[in-house]
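For reference, the chains in residue letters:
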Amino acid sequence: KAMRERLEDKDKWLEDKDKAMRERLAEKDRELLQARGLFTARGFFEFATREAYKELKRGNIIRWNNFNASSTLEFLDTLQDDVKQKITDEAGDYEWCTNMLKSWEACSASGNLSRQPFRDIYRTLSQGIHGFPWYGESINISPMLGEFEKCFITSMAERSGWSWAVVTPPRSED
């Protein structure tokens, strides 16, 4: 019995250490990304898309070998119900995909949606709004983005633990 208690104590200690190390690693990842200037809305969205691609590739849901943002977003825009269900059921293996889908659901009432919302967000962000995607110290929410796009980027940042980096310009008094 004493041995079992010691083992349980050791397991608890290891779990606590593992949690602390994961939090520290996440903090260092944020610092590294900030140092690289990843935090523009476009850079963040490309980063999220790349991570979603890796999850889909790892899960054998997509077959192409090289990351392409447009192809990945087109795939996400046209997900079949069975694939959505797999991603939802195995959310731990598809964290970025799940965040993108949940952000889409949370924001879908906030603006006019096309049949390709993910590609539209990328197109809008790529049209010179934020300049080169890897410069900046925050996820700048451009006033040129539509309500859905603003909501989506903000929701993705919140779901990814980066809400602290979102910068929304002040509303103009008309």
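The structure we're discussing is the one just above.
Below: a short report on this structure. On a predicted model such as this, the values are computed, not experimentally measured, just so you know. (Residues numbered from 1 in each chain as written. Predicted model: local features only at pLDDT ≥ 70, side-chain atom pairs only at ≥ 80, totals over all residues. Heavy atoms only, no water.)

With respect to the overall build of the protein chain
Regarding its fold elements, the protein chain presents seven helices and two strands. Moving toward the C terminus, one meets the helices and strands of the protein chain in the order α-α-α-α-α-α-β-α-β. In the protein chain, the share of contacts with a sequence separation of at least 24, taken over all contacts with a separation of at least 6, comes to 71%. (Helix = DSSP H or I, 4+ residues; strand = E, 2+ residues; numbered from the N terminus. Contact = heavy atoms within 4.5 Å.)

Re the packing of helix α5 (residues 95-107) against helix α7 (residues 147-159)
To describe two helices that pack against each other, one gives the angle between their axes and the distance between the axes. Contact pair α5 / α7: the axes reach a minimum separation of 9 Å and the direction vectors enclose 140 degrees. For the element pair α5 / α7, the angle class is oblique. The chirality of how α5 crosses α7 is right-handed. Across the interface between the two elements, Trp-96, Asn-99, Met-100, Lys-102, Ser-103, Trp-104, Ala-106 and Cys-107 of α5 pack against Phe-148, Cys-151, Phe-152, Ser-155, Met-156 and Arg-159 of α7. Residue composition of the contact of α5 with α7, grouped by class: nine nonpolar, three polar and two charged. (Axes fitted to C-alpha atoms, helices over the stretch in contact; angles between N-to-C directions. Parallel < 35°, antiparallel > 145°, perpendicular 65-115°, else oblique. Left-handed = near helix turned anticlockwise from the far one by under 90°. Nonpolar A, V, L, I, M, F, W, Y, C, P; charged D, E, K, R; others polar.)

Points about the layout of surface pockets
Empty space among the atoms can be located by rolling a probe the size of a water molecule over them. Here the largest pocket is characterised by a volume of approximately 280 Å³. Surrounding the largest pocket, 16 residues form its lining, Leu-79, Lys-84, Leu-101, Trp-104 and Glu-105 being those nearest its centre. Counting residues per element, the ones that place at least two in the lining of the largest pocket are α3 (69-77), α4 (81-89), α5 and α6 (117-129). Ranked by residues supplied to the lining of the largest pocket, first place goes to α5 with five residues. Split by residue class, the lining of the largest pocket holds eight nonpolar, three polar and five charged. (1 Å grid on protein atoms, 1.4 Å probe; cavity = no way out; pocket = protein on both sides within 12 Å on 5 of 7 lines; lining within 4 Å. Points joined across faces, edges and corners; volume = space filled by probe spheres on them.)

Some details on α3
For α3, the set of buried residues is Ala-69, Thr-72, Leu-73, Leu-76 and Asp-77. The arc enclosing the buried residues of α3, seen along the axis, measures out at 140 degrees, which places them on a common side. Sitting at the amino-terminal end of α3 is Asn-68, which places a side-chain oxygen 3.0 Å from the backbone nitrogen of Ser-70. (Buried < 20%, exposed > 50% of the residue type's maximum accessible area, 1.4 Å probe, protein only. Arc of directions from axis to C-beta. Polar contact = N/O pair within 3.5 Å; in protein donor to acceptor, adjacent residues only side chain to side chain.)

Some details on the packing of helix α2 (residues 41-58) against α5
α5 packs onto α2 with a crossing angle of 125 degrees between their chain directions and a minimal axis gap of 7 Å. Of the possible angle classes, the one that applies to α2 and α5 is oblique. Packed against α2, whose contacting residues are Phe-44, Phe-45, Phe-47, Ala-48, Thr-49, Glu-51, Ala-52, Glu-55 and Leu-56, the element α5 presents Glu-95, Trp-96, Cys-97 and Met-100 at the interface. Among the residues forming the contact of α2 with α5, the class breakdown is nine nonpolar, one polar and three charged.

Quick notes on the state of the cysteines
By definition, a disulfide is the covalent link that joins the sulfur atoms of two cysteine residues. In total, this model carries one disulfide according to the counting rule given. Paired through a disulfide, Cys-107 and Cys-151 show a sulfur-sulfur distance of 2.0 Å. Residues Cys-107 and Cys-151 are joined by a disulfide whose S-S torsion is about -75 degrees; by sign, that bridge is left-handed. You can see Cys-107 sitting in helix α5 and its partner Cys-151 sitting in helix α7, a full 44 residues away along the chain. Given the relative accessible area of 0%, Cys-107 is considered buried. Cys-151 sits in the partly exposed class, given a relative accessible area of 26%. (Disulfide = S-S within 2.5 Å.)

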